[in-house]
Amino acid sequence: MRRRLPAIGAALAGLALAAGATTASAQEDPAPAQTPQFDFANGDTVATGLTIPWGLAFLPDGISGLVAERNSGDVLRIGTDADPAVLGTLEVAGGTGSFDERGLLGLAVSPTFATDGWVYAYLSTEEDNRVVRFTLDTFDPQPVVTGIPSALNHNGGRLAFGPDGKLYITTGDANDTANAQDLDSLGGKILRVNADGSVPEDNPFEGSPVYTWGNRNVQGLSWDADGDMYFSELGQNTWDELNFGVAGGNYGWPEVEGTGGGAEFIDPIATWTTAEASPSGAEVVGDTAYIAALRGQRLWTVPVADGEAGEPVAELVSTLGRIRTVELGPDGYLWVTTSNGNGTDKVVRYRPI
């Protein structure tokens, strides 16, 4: 295994201000109130020396994380017990410039990893975006879902197994807005498939992996304890979104950005200006959704319940730079990855209060 720069354990100083919260909008009559859950004044740096760590998933041993580097295609093991180490590399297209967002994106570990050893990855090839699965001892990728539209940007890329055991895949419109409203296209959607890539019989559209449509570029999704889905979506020039996931729901892109789509489309439950957010990863812990913000360089925290959102509050404002991914670790800490590039990126975890 190739070794990377050592992890460091110094704590991050300075409590992040809840700046910008008053400019984010939410539904009237918000359900829950904001409840602090993590100590954002003190972060433990788990890994350094990374370049755009996109996917983050955890192995069932309770101590090991897997990180996917977008441009290199490297999959690294990280943890508090050892320095980062490259376990293997997947061949990807991308990384040709600052505007090329293709590469190795989301990761997910099989719910039955102990028996099958599968790790799932969303990656770009010269022909498409696709989901593959592989084992850590062979790194021989097997196709699961292929033919997802690809472009320099708007590639989606998040993977997650839902509470129903199905694999959910977020895709972008691949710079072709028509994809989002085309049910025959896999672009601009959230897809739902079985672990082998086959279509579940109870999907909203018979014979189709499409779960939601009318999406521009979804890069984060998570579920609360009741099994309700929430997902983050990058807007174009005006509004970024936090949405409540509804099977078969049409979220309006490109006909509408933000709220106001009418009965035909589902409105977001919270919005931000694109300067405040450009949201990527999302994780729901308890009654709070944590949204990683790239351009906004902060972590948005949004109280959620029953498909409604309370008042968003910003944490870690300009503390880490661009934040790409947020995941709850098996240790109960909230883990985040940065997306600043050029070997400056890190993985930091925040202890529960």
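So, here is what we can say about the structure in this document. All residue numbers here refer to positions counted from 1 along the written sequence of the relevant chain. Under the rules for a predicted model, residues below a pLDDT of 70 receive no local features and side-chain atom pairs below 80 are neither given nor counted, while totals for whole chains, interfaces and linings still include all residues. Only hydrogens and water are removed before side-chain values are computed, so all heavy atoms of the structure are retained for them.

**A word on the side chain of threonine 125**
Here's step 1: Considering the arrangement of structural elements, one finds threonine 125 in the loop between β9 (118–124) and β10 (129–135).
Here's step 2: Given the relative accessible area of 16%, threonine 125 is considered buried.
Here's step 3: Polar contacts, as used here, are pairs of N or O atoms within 3.5 Å; protein pairs need one atom able to donate a hydrogen and one able to accept it. Residues neighboring in sequence count only if both atoms are side-chain atoms. Here the side chain of threonine 125 touches aspartate 128 through a polar contact of 2.7 Å, side chain to side chain.
Here's step 4: We call two residues in contact whenever any of their non-hydrogen atoms come within 4.5 Å of each other. With residues near it in sequence (within four places) discarded, threonine 125 still touches Ala93, Arg130 and Ser150. Per the convention used, a helix needs a DSSP run of H or I reaching at least four residues, while a strand needs a run of E reaching at least two, with both numbered from the N terminus. Buried residues are those whose accessible area, probed at 1.4 Å on protein chains only, stays under 20% of the maximum for their type, while exposed residues exceed 50% and partly exposed ones sit between those limits.

**Overview of the environment of tyrosine 333**
Here's step 1: With respect to the helices, strands and loops of the structure, tyrosine 333 is situated in the loop between β25 (323–328) and β26 (334–338).
Here's step 2: Through-space distance from the C-alpha of tyrosine 333 to that of glutamine 37 is 9.8 Å; in sequence the pair is 296 residues apart.
Here's step 3: In this structure, tyrosine 333 is in contact with Phe38, Asp44, Glu327, Leu328, Arg349, Tyr350, Arg351 and Pro352, ignoring residues within four places of it in sequence.

**What to know about the sheet that holds strand β15 (residues 210–212)**
Here's step 1: Reading across the sheet, the 4 strands line up as β12-β13-β14-β15 and stay open at both edges, with antiparallel pairing between neighbours. The open sheet has two free edges, formed respectively by β12 (159–161) and β15, since each of these has just one partner strand. On average, adjacent strands in this sheet sit at an angle of 30° to one another, irrespective of strand direction.
Here's step 2: By the bridge criterion, 3 bridges tie β12 to strand β13 (residues 167–170) in an arrangement that is antiparallel. Each bridged residue has a counterpart across the sheet, and for phenylalanine 161 the counterpart in β13 is leucine 167. Strands are treated as partners if at least two bridges between them are detected by DSSP. In this description, a line fitted to the C-alpha atoms serves as the axis of each element, helices being fitted only across the stretch in contact, and the angle between N-to-C directions of two axes falls anywhere from 0 to 180 degrees.

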